[in-house]
Amino acid sequence: MSHELYMKRCLELAQKGKGNTTPNPMVGAVLVHNGRIIGEGWHHVYGNVHAEVDCLNNVIPEDQHLIAGSTMYVSLEPCAHTGKTPPCASRLVKEQIAKVVIANKDPFELVKGKGIDILKNAGIDVVTGVCEQEGFWVNRRFFCMHTQNRPYIILKWAQTTDGFMAPADKSRFQITNEHSKQLLHKWRTEEAAIMVGSNTAINDNPQLTARIWQGKQPLRIALTRSGVLPDMHQLLDNAAPTWIVNEQTEKTVNNVRFIKLNFDETLLNNLMSVLHQHNITSLIVEGGAQLLNSFINNDLWDEARIFTGTVNLGNGLAAPVLTNSNIAFTTYLDRDTLRVVTNRKSQYPYVHGLEL
């Protein structure tokens, strides 16, 4: 088997941790001896053992004598520091692994080549850059966080076939079907935070939680200059950690934190910096149109997921229009259409056949 086939298996395993490893990356590992896989592993949950150790732990007793001299395939450079767990690079040296094949070097300051140095200094043969672009896509949130110092930003909206997000009076109007709704709730469990603007927060009274898919709840963020939401508003229900970004007050009430920022042309960039400081690696922006267009106009987005239903409105609130975008793929959920596009300036373009 070629390096690429084993590495693709690593990336497949890595994605089993989606939604559970943040702010750490998703990593998969495969241990091979004389062309036979003797161990597989991945990073399951933030704070638990890393993929390399999970892989070693999964080698059955009858094969453990084969570990020394085997080749470890791993989708990200083994770590070189003690954090929640001991350094994986040192563990591979201890186990006398003969060769390590890596997709991507780790951009995190405490690793950033140091893991590779540990391996090479111990005489281990190291190969890098195998399925590198695929690895970038799988861990695009992690790479964005550590190279651009902000979360990976996903814009999401639903529109009618004639390009409207809502009726002219901005009343609630169901555009997409239940299949699309369930997928959206799945996405919420996979991203670190979700955001809406003031009009959406007040007029729609959204919950912004995953209710029809099991998983972690994202940090809920609402932008409202006044910092005031109606009493009994669902964003104040303590169902998930919540930030109310405003211009008036800085305080914490139960599970709700009020964060004070200036609502000027620096707002979005300053908020992205605050999210970076709190290790929020990804953000879904769900609306409304004004907030989505603010991100687009500032060229502050990486990916957009656009649902198009089967209804027409004739007139109403126009959906955003993207420029500088590349179509990643189009798929269908019953009669709804989902189009995924990426920012043309993205350092981590979509690789055909991979998951979101």
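The paragraphs below set out a description of the structure included in this document. Just so we're clear, the structure is a prediction, and the values are computed from it rather than from any experiment.

Criteria and cut-off values
Residues numbered from 1 in each chain as written. Predicted model: local features only at pLDDT ≥ 70, side-chain atom pairs only at ≥ 80, totals over all residues. Heavy atoms only, no water. Helix = DSSP H or I, 4+ residues; strand = E, 2+ residues; numbered from the N terminus. Rg over C-alpha atoms; globule rule 2.2 N^0.38 Å. Contact = heavy atoms within 4.5 Å. Areas by Shrake-Rupley, 256 points an atom, 1.4 Å probe, with all protein chains shown as cover. Lys, Arg positive; Asp, Glu negative; His and termini not counted. Charge placed at Lys NZ, Arg CZ, Asp CG, Glu CD. Salt bridge = Lys/Arg side-chain N within 4 Å of Asp/Glu carboxyl O. Core = buried A, V, L, I, M, F, W, Y, C linked by side-chain atoms within 4.5 Å. Buried < 20%, exposed > 50% of the residue type's maximum accessible area, 1.4 Å probe, protein only. Pairing = 2+ DSSP bridges. Right-handed = clockwise from strand over helix to strand, strands pointing away. Phe/Tyr/Trp six-rings, centres within 6.5 Å; stacked < 30°, edge-to-face > 60°. Polar contact = N/O pair within 3.5 Å; in protein donor to acceptor, adjacent residues only side chain to side chain. Axes fitted to C-alpha atoms, helices over the stretch in contact; angles between N-to-C directions.

A few points about the overall build of the protein chain
For step 1, the next point in the chain: A tally of helices and strands in the protein chain yields ten helices and 17 strands.
For step 2, the next point in the chain: Here the C-alpha atoms of the protein chain give a radius of gyration of 22 Å, agreeing with the 21 Å that 2.2 N^0.38 yields for 356 residues.
For step 3, the next point in the chain: For the protein chain, the C-alpha atoms occupy an extent of roughly 70 × 45 × 35 Å along the three principal directions.
For step 4, the next point in the chain: Sequence-distant contacts, at least 24 apart, represent 69% of the contacts inside the protein chain between residues at least 6 apart.
For step 5, the next point in the chain: Split by element, the accessible area of the protein chain, about 16100 Å² in all, is 47% carbon and sulfur.
For step 6, the next point in the chain: Charge separation in the protein chain, taken as the distance between the mean sites of 34 positive and 34 negative side-chain charges, equals 2 Å.

A word on the pattern of salt bridges
For step 1, the next point in the chain: Going through the model one piece at a time under the given rule, you end up with 17 salt bridges.
For step 2, the next point in the chain: Here Asp125 ties to Lys99 by a salt bridge, and the two come within 3.8 Å at their closest N and O atoms. Residue Asp125 is found in strand E5 (residues 125-127), and its partner Lys99 is found in strand E4 (residues 99-104); the two are separated by 26 residues along the sequence.
For step 3, the next point in the chain: Here the salt bridges share partners, and the residues they tie into one network are Arg140, Arg141, Glu191, Glu303 and Arg305.

What to know about the nonpolar core
For step 1, the next point in the chain: Ranked by internal contacts, the top residues of the largest apolar core, which has 44 residues, are Met7, Val30, Tyr73, Trp137 and Trp187.
For step 2, the next point in the chain: For this core, the element with the highest residue contribution is helix H1 (residues 3-14), accounting for six residues.
For step 3, the next point in the chain: In this structure Met7 touches Tyr73, Val74, Ser75, Val101, Ile102, Ala103, Val130 and Cys131, once residues within four positions along its chain are discounted.
For step 4, the next point in the chain: Core analysis: the second largest hydrophobic core is formed by 36 residues, Ala192, Trp243, Leu271 and Leu275 among them.

Looking at the pairing of strand E8 (residues 193-196)
For step 1, the next point in the chain: Of the two faces of E8, the one holding Ala193 and Met195 and the one holding Ile194 and Val196 are both buried throughout.
For step 2, the next point in the chain: Judged from the four bridges that link them, E8 and strand E9 (residues 219-223) form a sheet pairing that is parallel. Across the sheet, residue Val196 finds its bridge partner in E9, namely Ala222.
For step 3, the next point in the chain: Viewed along the sheet, the connection from E8 through helix H8 (residues 198-204) into E9 turns out right-handed.
For step 4, the next point in the chain: Both E8 and strand E13 (residues 282-287) contribute to a ladder of four bridges, which runs parallel. By the bridge assignment for E13, Ile194 is matched with Ile284.

Some words on the packing of aromatic side chains
For step 1, the next point in the chain: Tallied over the entire structure, the rule returns eight aromatic pairs.
For step 2, the next point in the chain: Where Trp137 meets Tyr350, the ring centres are 5.0 Å apart and the plane angle is 85°; that geometry is what we call edge-to-face. Taken as a pair, Trp137 in helix H5 (residues 132-138) and Tyr350 in the segment after strand E17 (336-343) lie far apart in primary sequence, 213 residues in all. Pair check on accessibility: Trp137 and Tyr350 agree, each one buried.
For step 3, the next point in the chain: Ring plane angle 80° and centroid distance 6.1 Å describe the contact between Phe142 and Phe143, whose orientation is recorded as edge-to-face.

Notes on the side chain of Glu286
For step 1, the next point in the chain: Tracing the backbone through its elements, the reader meets Glu286 in strand E13.
For step 2, the next point in the chain: Accessibility expressed as a relative area gives 14% for Glu286, which makes it buried.
For step 3, the next point in the chain: Polar side-chain contacts of Glu286 include one of 3.1 Å to the side chain of Arg188.
For step 4, the next point in the chain: Those residues in contact with Glu286 that sit more than four places away from it in its chain are Lys156, Leu184, Arg188, Ile194, Met195, Val196 and Leu208.

Things to note about the sheet that holds strand E12 (residues 256-260)
For step 1, the next point in the chain: Within the open sheet, the ten strands sit side by side as E11-E12-E10-E9-E8-E13-E6-E14-E17-E16. Their pairing is mixed. A single partner strand is all that each edge strand has here, and the edge strands are strand E11 (251-253) and strand E16 (325-333). Neighbouring strand axes in the sheet, compared pairwise and without regard to direction, differ in orientation by 20° on average.
For step 2, the next point in the chain: In the sheet, E11 pairs with E12 via three bridges, with the strands oriented antiparallel. Considered in E12, the bridge of Lys251 is made with Phe258.

A word on the sheet that holds E5
For step 1, the next point in the chain: Spatially, five strands are ordered E2-E1-E3-E4-E5 in an open sheet, and the strand pairing comes out mixed. The outermost strands of the open sheet, each flanked by one partner alone, are strand E2 (36-42) and E5. Pairs of neighbouring strands in the sheet enclose a mean axial angle of 15°, with direction left out of account.
For step 2, the next point in the chain: Where strand E1 (residues 28-33) meets strand E3 (residues 71-76), four bridges bridge the pair, whose relative direction is antiparallel. In the sheet register, Ala29 faces E3, and the bridge partner there is Val74.

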